[in-house]
Structure formats: C-alpha cells, structure tokens
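Structural characterization, general
Chain by chain, the residues:
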Number of protein chains: 2
Amino acid sequence: MASVGAVTPQQMHFAEPLPLQSGASLRDYTLVYETYGTLNADRSNAVLVCHALNASHHVAGHYAGQPKSDGWWDNLVGPGKALDTDHFFVIGINNPGSCFGSTGPMHTNPDTGRPYGADFPVVTVEDWVDAQARLIKRLGITQLAAVLGGSLGGMQALAWTLRYPERLRHCVAVATTPSLSAQNIAFNEVARRAIVTDPDFHGGHFYAHGVVPKRGLRVARMIGHITYLSDDSMEEKFGRERKSDSEELNYSTQDIEFQIESYLRYQGDKFSEYFDANTYLLITRALDYFDPARAHGGDLARAFAVAKGKKFQLVSFTTDWRFSPARSREIVKALVDNQIDVSYAEIDAPHGHDAFLLDDPRYHGVMRAYFERIAQEEV
Amino acid sequence: MASVGAVTPQQMHFAEPLPLQSGASLRDYTLVYETYGTLNADRSNAVLVCHALNASHHVAGHYAGQPKSDGWWDNLVGPGKALDTDHFFVIGINNPGSCFGSTGPMHTNPDTGRPYGADFPVVTVEDWVDAQARLIKRLGITQLAAVLGGSLGGMQALAWTLRYPERLRHCVAVATTPSLSAQNIAFNEVARRAIVTDPDFHGGHFYAHGVVPKRGLRVARMIGHITYLSDDSMEEKFGRERKSDSEELNYSTQDIEFQIESYLRYQGDKFSEYFDANTYLLITRALDYFDPARAHGGDLARAFAVAKGKKFQLVSFTTDWRFSPARSREIVKALVDNQIDVSYAEIDAPHGHDAFLLDDPRYHGVMRAYFERIAQEEV
C-alpha cells in the first residue's frame, strides 16, 4: 500500500478568542493542520484524526526531503489503507498548547509580548474539540463522516459526540478511557513533579533563561514509556538482557547494566531534545481532567444521552494496563444503556497501550471494516 | 496480643573485611540489630527477619519514649503473634549500605577519612546474607530455625538457603521474586535517574555540600509508592477524589487537584527527609542484581539444588503487580523440581505489594500455622 506521499502542513489563524473551560480564553491563535485525500463535492467524506500526548497534525505521509518523517499513524491512513485516503478526506489538527506548531507555551503571549511559558491557559479535551470544530467549520465541512483518535485522541473523539453530536456521524475511539484512574493520575503527577522541580524549569519561564528542564523531561518520558508498554512485551524485548556482552557484572549503581536501562535513557534523552516542558504539563493535565460523567453526577450513561443516533467503534487491547479493556467496556456500557449503535473490539495484542499505534492485522482489520462501513453508508 | 514492648538496638563491630560479590570488600564495619524473645538453651529457636528497601533492624516493639516508633513488622512479630516471641528468638539486622545504623554511605570511609557517599561499594543480596551470617555466628547460633523476609527481604531468605543451607531449617519468603523483570528494573532505573540527575546529588558526595537531593528522592519515592499499591486499592482509596471540597476545578497544572496527588507528594516529602540517596541507589541495584539462576545458565531449579532438605513457605498476593504470584510460582516450581518441601499460599488480597506488611487474617493465618509447625518440629 502506498503512502499519501509528501505533505505540507497548513496554518489557520483565528482572531476570535476561544473561550476555555477554565473561564479564561485563548486569543489570536493559530492551528496547524494537514489533510490527505480529497474532499468530495458534498463535503461528506471528511474524517478528523485527533492526536495523543506525543503527536501532532502530522498523521500520515512525509515531509519532502526528510526521510524518517512519516506521520504517526501512517500505517493506518493512506491510499488503500484501513482509513483509505482514496475515499476519505482525512484531517489532522495540532491542538493548542502543543509544541508542534499550533499556538502553545513557546509562542508569544499577546498580553505580555513574551512567551506564554507557564502562563499558557490550562486547556481541556473539550477546549481542543472546540478549537477543532472551528477549523472544521472554516473548511466548509458541516458534518464529519467520523472523528477518530487513540488514547487522549480517543477522548477527543468521544467529546465530539457530546459537544457537537450533529456535526459527526461516527466516533472511532481506540485504547481510551472515560476518565483517568487514580493510578493514571499518579503517574502523570510524578512526571509533572519531575519537570516542575527541575531547577531549569524556572517556574515555567525557562525560555527566558536559555535553558530547558531536560532532567525532568527525561524522567517524565521514562515513566511514560513504562506505562505504554506491557510488562510482557518489555520482558520479551529486554528481559534481563545485559548491555555489555561480558559475563561479568559492572557492579555500579549509575552505569548502564541492563538493556532496558539503555533503552529508557535513550528515549528520555531523545524526548527532552524536542518536547516542551510546559506542553507536557498541559497535556497531562488535560488527561487528568477528562471526565464527561462528572457533570452528570458520575453517570456516564447520562453523559452520552446526547450522542443518541451517532455510531461508535471502540477498540481496546488486552495487555493495555494504562487504559485497560475494562475502561473501554465502561464506555460501551454507557452507549448500550442509551441504545446507541456501538461495535467493540477487544484485540488480543501483546504490546500494551502502544498497540494502538502498531500495525496489528486484527486491529487494522477491524478499523478497515468499520471505515468501509462508513464509506458504504455514504453511497 | 501484646507488643514485644520497648526495645533497644544493639551494635556489633566487625574488624575482618567482608569480601563482596563485586570483588571489593567492606572493611571495619558495624551492624545494628535487635532481638526479641529469648534464645533457648540449645540455641535452636532463632528466626532471622530480613528487611526490604525502606526498613531496618527495627522489626518489632517500640523505642522507649517514642510513640509511633513501632517496628515495621510489629503486627506479625510479638508475644502470641504469628511469629510468636514467646517461643522464638527473633533477630532483625540492618544491612550494610543502609541509612538506618549499620555502616553505610553516610559513614566514614576508612580509606579517605570522609563519608563514603557514592564510593560505598555496591552490595548484593548475597553480600548482605554473608554479613548476616557472620553476626548470627557471633551470637553463637549454629543453625537458624528460619529466615523470613518479604519483598527484597524474601530474596535474602532465599539466598540463605543457597549460601548457607546447613545453617537454617526453614525459609519463609513473602511477596518476592527470583529476579526482577524488565519492568521492575525500569522503575528502579527511573528512580535512580531522578536522584542522580538532581543537581544536589553532586555525584553522590552531597554530604560535603550540606545539601540533600530531595527532588530526586521525592520522585523516586512517588514512583515506588505507585508500584507498591494495586491499581484497585489506589482506586478504592483515592479514585478521582478531589483535594478541595469545591465543585469547581482549579484548572492548574501545578496546584494539587486530586487527593492522589496530595498523598504522593506527602509520601515523597516525608521520605526525602530521612532516606539517604546513596542508600536508595545501592538497594535498588541489589534488587536488580538478584538472580540466583544466572550462575546456573538461567535454570532456577539447578540453583536450588543445594537447598535440598530445607523447608519453604512462600506467600504471594493476587494484586501484587510488582512481584506477582507468577514470580512466586517460578520459585515453587524450582523447589518442586528438586523435591523440596514447599508450602505455597496465594492470598487473595486487594492491597498490592504492600499487602506483605499488612495484617490480613488469611495471610497471618498462614504465617502463624507455618511458625507453629516449625515450633512443633523442634520439640
């Protein structure tokens, strides 16, 4: 199957302030987005793909002259792929608060003329969906064929059905959850503390100091990585394999002894080179806050009552201990309680939470079948 | 049931160097220990209790005039308790490298006249067992009735049967593992990186700078705490409960929003006030290195061949995802393969790894029954 080929990010500027859940607002902001495929004449074939923590608008294709610049869901989105760009017009949007192009903490705060830093307003999943809805409207799309996302992206897909039910027909939510558990919040909090207590964080205004809180970012990423992988896949991939070929142990508390240490340090180092610390705080907080049942006394079924008539595909992965299948089943139950049309696939995959990004034939088979169904409904 | 009452730690000095697995040695060291109950005339009723990461020789009883100074296994060890000090003579020993009294990184390195700091030699579970064996010998005990430990303490109990099989009759190993998994090592490594990259660590020689790498210790402890609790018990205890009574969210990335955040920060703060950073590195490394199968081509059954004739009680807890029941079953299998007498209890408990420290009636029932059996065998 072919890739969508070379792609170019586009920008859309919004002069009208975006009111946020917190009561604050974001003014004068820009969203970066990409599109793949062609919008059909009646503008009915658009699919919005929402990104998770460490991703962006760059869902598929590559940037000309940049090898290894494949989009983060390139294995799923393209001509002839499960989400087939020969049929669908696919849109990836970078959320505000991100560090990948849309207005975020590194950009200039119009109120001060300096980078927002820690003063960037706290954004929620609902705020992101509002921002996305504006962009979709400007593209002249009245109703999306589907909104698709995995993990945090899945939360956005769900939130679309609650905030703009009339503006989409299908929701495809993969490896997601109706709210973070205490353990999920706990991991986020440790990562945030590692960043915030890094002396180079400077209260979130480190840009002015010409430094980056890399120590904190490294630790945050290492923690994240552990939770993305299953215990089994980590064991299979690394086990107790040593870094050195020598039979002898190093007997050192700080030198790398095991491959897993080397892998995690590498992931942490790489991440700290490009990810923004304030963005990390904002995105983990958006994860913490997502809880559509909250406004309905904790009753998720009541929350989804507004989504009646929408159609859902949910997917979870057996070894995902971050957002386990049980959490997806909570969503399925809430939908079924509303007699909403929902398909649910629990994929037996060894890779943990990361499985949603991987090319598992059963998983992609489910996705392909569902998007084919959407395509057929249009005819 | 009564407590053992007020207790006083004792010290034993060793002038003869302790050769270590690394090839280095520890010279001129002191071990701190406590005893409860009375050694009988034929010195056959002694039980050694080995401690885990955040514990010490202070297993039971309290220190006179210090409320809240109960030993860490006071619910298990005492007159009439599961490990009954009316019958047994119980010994708790603080391991070298610890920060609770025995020679450790904060003590003076006789080679330099300054605190060891990061130069304290890397110690292993086997080194600790060697140190304990010397102390037991000096107490005039030729053969222990049992060695008991939970978690890292359980590893020491197992190592006793491999290094000094003739010097104990029973091994009681709770919530332990024959080796750390890749995920276990990963969590240790993140904690170590948090400590080592704290600018106040000063390469492990922070004592000379009058500072303590508290940021790193806090993060390390927070990570540890998450792994000690089960997902379920954390959900039950904290869930998404808010810190404030207000209905309104704070919309802050740094302020505490959820109870779980408050709890973890408190645990981290408390820990950073008393625990030594170098000790944390040493003890997590000892955990990483423990792997008795390694010297036998990865064959755990071959490793335990030397323990023939010993008797074992193993206990695991269903919700322990740090050292899961599957890991205890590996040990049971290796013992059974050697036709070694082993009892195994898998306790259905909600508390995760921490369950080994708690007073669960089924768990303590198993322990009581086993120690009664040991007592009867003596008669």
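Keep in mind it's a predicted model, so treat the numbers as computed, not measured. Going along each chain's sequence as written, the residues are numbered from 1 onward. Chains carry letters and ligands carry numbers; both start at the beginning, A for chains and 1 for ligands, and go up in the order they are written. Since the coordinates come from a predicted model, pLDDT governs what is reported: local features require at least 70, and pairs of side-chain atoms require 80 or more to be given and counted, while whole-chain, interface and lining totals use all residues. The side-chain values count all of the structure's non-hydrogen atoms but skip hydrogen atoms and water molecules.

A word on the overall build of chain A
The test is simple: For the purposes of this entry, the term helix denotes a DSSP run of H or I that reaches at least four residues, the term strand denotes a run of E that reaches at least two, and both are numbered from the N terminus. Note that the radius of gyration is over C-alpha atoms, with the globule rule given as 2.2 Å times the number of residues to the power 0.38. Each residue gets one of three labels from its accessible area relative to the maximum for its type: buried under 20%, exposed over 50%, partly exposed in between, using a 1.4 Å probe on protein chains only. Throughout, a residue-residue contact means that at least one pair of heavy atoms, one from each residue, lies within 4.5 Å. Here, Shrake-Rupley sampling with a 1.4 Å probe gives the accessible areas, and only protein chains in the shown set may cover a residue. Under the convention used here, Asp and Glu are negative, Lys and Arg are positive, and both His and the chain ends fall outside the count. Lysine's charge is taken at NZ, arginine's at CZ, aspartate's at CG and glutamate's at CD.
Scanning chain A for helices and strands turns up ten helices and twelve strands. By the compact-globule yardstick of 21 Å for 379 residues, chain A fits well, its C-alpha radius of gyration being 21 Å. In terms of its C-alpha atoms, chain A occupies a principal-axis envelope of roughly 65 × 50 × 50 Å. Counting over 379 residues, chain A shows a buried share of 61%. The long-range share in chain A, meaning contacts at least 24 apart out of those at least 6 apart in sequence, stands at 71%. Of the roughly 13,800 Å² that chain A leaves accessible, carbon and sulfur atoms contribute 49%. Taken as two groups, the 36 positive and 46 negative side-chain charges of chain A have centres that lie 6 Å from each other.

As for the nonpolar core
Across soluble globular proteins, nonpolar side chains have a tendency to be buried as a group. Just so we agree on the cut-off: We define the nonpolar core as a collection of buried residues of types Ala, Val, Leu, Ile, Met, Phe, Trp, Tyr and Cys that are connected through side-chain atoms lying within 4.5 Å of one another.
Ranked by internal contacts, the top residues of the largest apolar core, which has 259 residues, are A:I91, A:L148, B:I91 and B:L148. When near neighbours in sequence (up to four residues on either side) are disregarded, B:L148 contacts B:V47, B:L48, B:V49, B:C50, B:W73, B:L76, B:L83, B:A157, B:V172, B:V174, B:M367 and B:F371.

Section: the UniProt feature "binding site: substrate" (unreviewed entry) in chain A
Residue and element names in this part refer to chain A. This is how it is decided: UniProt positions are given in the numbering used here, feature names are shortened, and annotations may be inferred rather than shown by experiment.
In the UniProt entry, the feature "binding site: substrate" (unreviewed entry) is given for R221 and D354. Look at the named residues: they lie 134 residues apart in sequence, but the longest C-alpha span between them is just 13.9 Å, so in the fold they bunch up. Locating R221 in the fold gives a position in helix α4 (residues 214-228). Owing to a relative accessible area of 10%, R221 belongs among the buried residues under this scheme. Apart from the residues lying within four places of it in its own chain, the contact partners of R221 are N54, Y228, Q267, G268 and F271.

With respect to the sheet that holds strand β11 (residues 311-317) of chain A
All names here are of chain A. Convention followed: Only strands that DSSP links by at least two bridges are regarded as paired with each other. Note on definitions: angles span 0 to 180 degrees between N-to-C directions of axes, and those axes are lines fitted to C-alpha atoms, for helices only across the stretch in contact.
With mixed pairing, the eight strands of this open sheet are ordered in space as β1-β4-β8-β5-β9-β10-β11-β12. Pairing within the sheet leaves two strands with one partner each, and these edge strands are β1 (10-14) and β12 (341-347). When the angles between neighbouring strand axes are averaged without regard to direction, this sheet yields 20°. Pairing geometry for strand β5 (residues 46-50) and strand β9 (residues 144-150), over four bridges, is parallel. Residue pairing in the sheet places C50 in a bridge with G149 of β9. Docked against the sheet, helix α2 (residues 152-163) engages β5, β9, β10 (168-174) and β11, running at close to 145° with respect to β9. Its contacts with the sheet put helix α10 (residues 361-378) on β5, β9, β10, β11 and β12, and the angle it makes with β11 is roughly 175°.

Digging into the relation of the copies chain A and chain B
Applicable threshold: The atoms used to superpose the copies are C-alpha atoms, taken from residues with pLDDT of at least 70 in both, and the fit is least squares.
Rotating chain A by 180° and translating it 0.0 Å along the rotation axis places it on chain B, where the RMSD comes to 0.0 Å. Those values place the two copies in the arrangement expected of a two-fold rotation axis. The residues that chain A uses at the interface reappear at the interface of chain B in 100% of cases, marking a shared surface.

Quick notes on the sheet that holds strand β10 (residues 168-174) of chain B
Residues and elements named next belong to chain B. Strands sit in the order β1-β4-β8-β5-β9-β10-β11-β12 across an open sheet of eight strands; the sheet is mixed. The sheet is open, and its two borders are formed by β1 (10-14) and β12 (341-347), each paired with just one other strand. This sheet shows a mean twist of 20° between the axes of neighbouring strands, independent of strand direction. On top of the sheet, helix α2 (residues 152-163) reaches β5 (46-50), β9 (144-150), β10 and β11 (311-317); it is set at about 145° to β9, its chief contact. Of the strands in this sheet, β5, β9, β10, β11 and β12 are in contact with helix α10 (residues 361-378), which crosses β11 at around 175°.

Overview of the UniProt feature "site: Important for acyl-CoA specificity" (unreviewed entry) in chain A
Residue and element names in this part refer to chain A. UniProt records the feature "site: Important for acyl-CoA specificity" (unreviewed entry) for R322 in the present numbering. You can see R322 is positioned in the loop between β11 and α9 (325-337). Contact partners of R322, with chain neighbours within four places excluded, come to N184, T227, Y228, L287 and H353.

Here's the deal with the interface of chain A and chain B
In many reports, interface size means the accessible area that the parts give up when they come together. Note the threshold: Defined here as a combined quantity, buried area equals the accessible surface (1.4 Å probe) lost by two parts on assembly, summed across both. Salt bridge criterion: a side-chain nitrogen from Lys or Arg within 4 Å of a carboxyl oxygen from Asp or Glu. Pairs of N or O atoms within 3.5 Å make up the polar contacts considered here, provided that, within protein, one atom can donate a hydrogen while the other can accept it, and that residues adjacent in sequence are counted only when both atoms are side-chain atoms. Throughout this entry, Asp, Glu, Lys and Arg are counted as charged residues, while Ala, Val, Leu, Ile, Met, Phe, Trp, Tyr, Cys and Pro are counted as nonpolar. The remaining residues, Gly among them, count as polar.
Each partner contributes residues to the interface: chain A has 58 residues there, and chain B has 58 residues. Across the chain A/chain B interface, buried area totals approximately 5,100 Å², and carbon plus sulfur atoms make up 62% of it. Together, A:R240, A:Y251 and A:T253 form the three largest contributors to the area buried by chain A at its contact with chain B, with a combined 15%. Taken together, the connections running from chain A to chain B amount to eight salt bridges. The salt bridge involving B:D291 is made with A:R240; its shortest N-O contact spans 3.1 Å. At the surface where chain A touches chain B, the tally comes to 28 residue pairs in polar contact (both at pLDDT 80 or more). By residue number, the principal contributor to the side of chain A that touches chain B is helix α3 (residues 182-196) of chain A, which donates eleven residues. Taken together, the residues of the side of chain A that touches chain B sort by class into 28 nonpolar, twelve polar and 18 charged.

As for the domain arrangement of chain A
All names here are of chain A. This is how the line gets drawn: As annotated, the domain borders come from an automatic or database domain assignment.
Along its sequence, chain A is carved into domain 1 (6-179 + 292-376) and domain 2 (184-284). Look at where the C-alpha atoms of domain 1 and domain 2 centre, and you get two points 26 Å apart. Every contact between the two is made by 28 residues of domain 1 and, on the other side, 24 residues of domain 2. In this assembly, domain 1 packs against domain 2 so that about 2,200 Å² is buried in total across both faces, 63% of it on carbon and sulfur atoms.

What to know about a negative patch on the surface
Residues and elements named next belong to chain A. Rules: Patch definition: residues above 30% relative accessible area lacking any salt bridge, with like charges linked at up to 9 Å and the nonpolar side chains Val, Leu, Ile, Met, Phe, Trp and Tyr linked at up to 5 Å.
Taken together, the side chains of D231, D232, E235 and E236 present a region of like negative charge at the surface. Here E235 shows up in helix α5 (residues 231-237). On the basis of relative accessibility, which here comes to 33%, the residue E235 falls in the partly exposed class.

Quick word on the pattern of salt bridges
For the structure shown, the criterion picks out 46 salt bridges over all chains. In this structure, A:E257 engages A:R242 in a salt bridge whose closest nitrogen and oxygen atoms are separated by 3.3 Å. Of the two residues, A:E257 is situated in the loop between α5 and α6 (259-274) and A:R242 in the loop between α5 and α6; the sequence distance between them amounts to 15 residues. A:E377 is the partner of A:K311 in a salt bridge, and the nearest nitrogen-oxygen pair spans 3.3 Å. Here A:K311, found in strand β11, pairs with A:E377, found in helix α10; they are 66 residues apart in sequence, far enough to count as distant. Here the residues in one salt-bridge network are A:E189, A:R192, A:R285, A:D288, B:E261 and B:R265, joined through shared partners.

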